[in-house]
Amino acid sequence: MLEKVLTYLGIYLLACLKSILPPLLGPAAGMSPLEIIIITMAGLMTSVVLFSYLGEKIKKNVLPIFIKKKGKFSPQSRRMVRIWTKYGIIGTCFLTPLILSPVGGSLLVSTVGAPRKQVFFYMFIFGLFWSVVWTFSVDWLIDLGLINAR
């Protein structure tokens, strides 16, 4: 029982960092597709809520500890601004599970000042979409025999 709880907790914590990991690791842990989707969404939304509320404080107080003498326009900050100006809130929330991590997407939308209710709504919708797509894609690859996870 403890082993099962630790497995779920570990996959949940990985989902907080990158939402593709539970669909990849869940079948090996013996999880059903519904369990994988729920854990993926829980991890994604935990990161989104946490970093939406703490994003500005993290950027202001924590990042300067680790990044010394950072210029305003680094290649990464330019890329983030390009993503935001090109795609807006909906596109950024769509790309967050796919390209950005939940942490990166949440920090991006919180620092540009997007309304939290909209961020939570779109992150939930697109997170659910991507978790379902990934979960059933991995299931399909397992059924085809291209991945041996069971």
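Quick caveat: nothing in here was measured; it's all calculated off a predicted structure.

K.L.:
Explain the overall build of the protein chain to me, using residue names and the numbers behind them.
P.N.:
A tally of helices and strands in the protein chain yields six helices and zero strands. Beginning at the N terminus, the succession of helices and strands in the protein chain can be written as α-α-α-α-α-α. For the protein chain, the spread of C-alpha atoms along the three principal axes comes to 50 × 35 × 30 Å. Here the contacts in the protein chain between residues at least 6 apart in sequence split such that 75% fall between residues at least 24 apart. Carbon and sulfur atoms make up 70% of the accessible area of the protein chain, which amounts to about 9200 Å² in all.

K.L.:
Which residues make up the packing of helix α4 (residues 75–98) against helix α6 (residues 116–144), and what values do they have?
P.N.:
One can describe the packing of α4 onto α6 by two numbers: an axis separation of 8 Å at closest approach and a directional angle of 40°. Our classification of the angle between α4 and α6 gives oblique. Note that α4 runs across α6; the crossing there is right-handed. Judged by residue contacts, I89, I90, C93, F94, T96, P97 and L98 of α4 engage Q118, V119, Y122, M123, F126, G127, F129, W130 and W134 from α6. Considering only residue class, the contact of α4 with α6 consists of 13 nonpolar, three polar and no charged.

K.L.:
Account for helix α1 (residues 2–17), with residues named and values stated.
P.N.:
Under the 1.5 Å per step criterion, the end-to-end length of α1 is 23 Å for 16 residues, consistent within 8% with the ideal 22 Å. Here α1 has its buried residues at I11, A15 and C16. Across the axial projection of α1, the buried residues extend over an arc of 155°, all falling on one side. Counted as exposed and oriented over 90 degrees from the buried face of α1: L2, E3, L6 and L17.

K.L.:
Describe in detail the environment of I11, supporting the description with residues and values.
P.N.:
Along the chain, I11 turns up in helix α1. Judged by its relative accessible area of 7%, I11 falls in the buried class. Spatially, the C-alpha atom of I11 lies 9.5 Å from that of P23, the residues being 12 residues apart in sequence. Excluding anything up to four places from it in sequence, I11 contacts P22, L25, G26, A29, M31 and I39.

K.L.:
Explain the packing of aromatic side chains residue by residue, including any values.
P.N.:
In the structure shown here, the tally under the stated rule is eight aromatic pairs. With a centroid separation of 5.0 Å and an interplanar angle of 70°, the aromatic rings of F129 and W130 are classed as edge-to-face. Its relative accessible area of 41% is what places F129 among the partly exposed residues. The class for W130 is buried, based on a relative accessible area of 12%. A connected cluster of aromatic rings, assembled from ring pairs, spans F94, F121, Y122, F126, F129, W130 and W134.

K.L.:
Kindly report on a nonpolar patch on the surface, identifying the contributing residues and their values.
P.N.:
A cluster of nonpolar side chains, contributed by M1, L2, V5, L6, L9 and L13, occupies part of the molecular surface with about 650 Å² of accessible area. Mapped onto the elements, L9 comes out in helix α1. Among the residues examined, L9 registers a relative accessible area of 43% and is labelled partly exposed.

Rules behind the numbers
- Residues numbered from 1 in each chain as written.
- Predicted model: local features only at pLDDT ≥ 70, side-chain atom pairs only at ≥ 80, totals over all residues.
- Heavy atoms only, no water.
- Helix = DSSP H or I, 4+ residues; strand = E, 2+ residues; numbered from the N terminus.
- Contact = heavy atoms within 4.5 Å.
- Areas by Shrake-Rupley, 256 points an atom, 1.4 Å probe, with all protein chains shown as cover.
- Axes fitted to C-alpha atoms, helices over the stretch in contact; angles between N-to-C directions.
- Parallel < 35°, antiparallel > 145°, perpendicular 65-115°, else oblique.
- Left-handed = near helix turned anticlockwise from the far one by under 90°.
- Nonpolar A, V, L, I, M, F, W, Y, C, P; charged D, E, K, R; others polar.
- Expected span 1.5 Å × (residues − 1).
- Buried < 20%, exposed > 50% of the residue type's maximum accessible area, 1.4 Å probe, protein only.
- Arc of directions from axis to C-beta.
- Phe/Tyr/Trp six-rings, centres within 6.5 Å; stacked < 30°, edge-to-face > 60°.
- Patch = residues over 30% accessible without salt bridge, like charges linked within 9 Å, V, L, I, M, F, W, Y side chains within 5 Å.
- Salt bridge = Lys/Arg side-chain N within 4 Å of Asp/Glu carboxyl O.

Keep in mind these numbers describe shape, not what the thing actually does.
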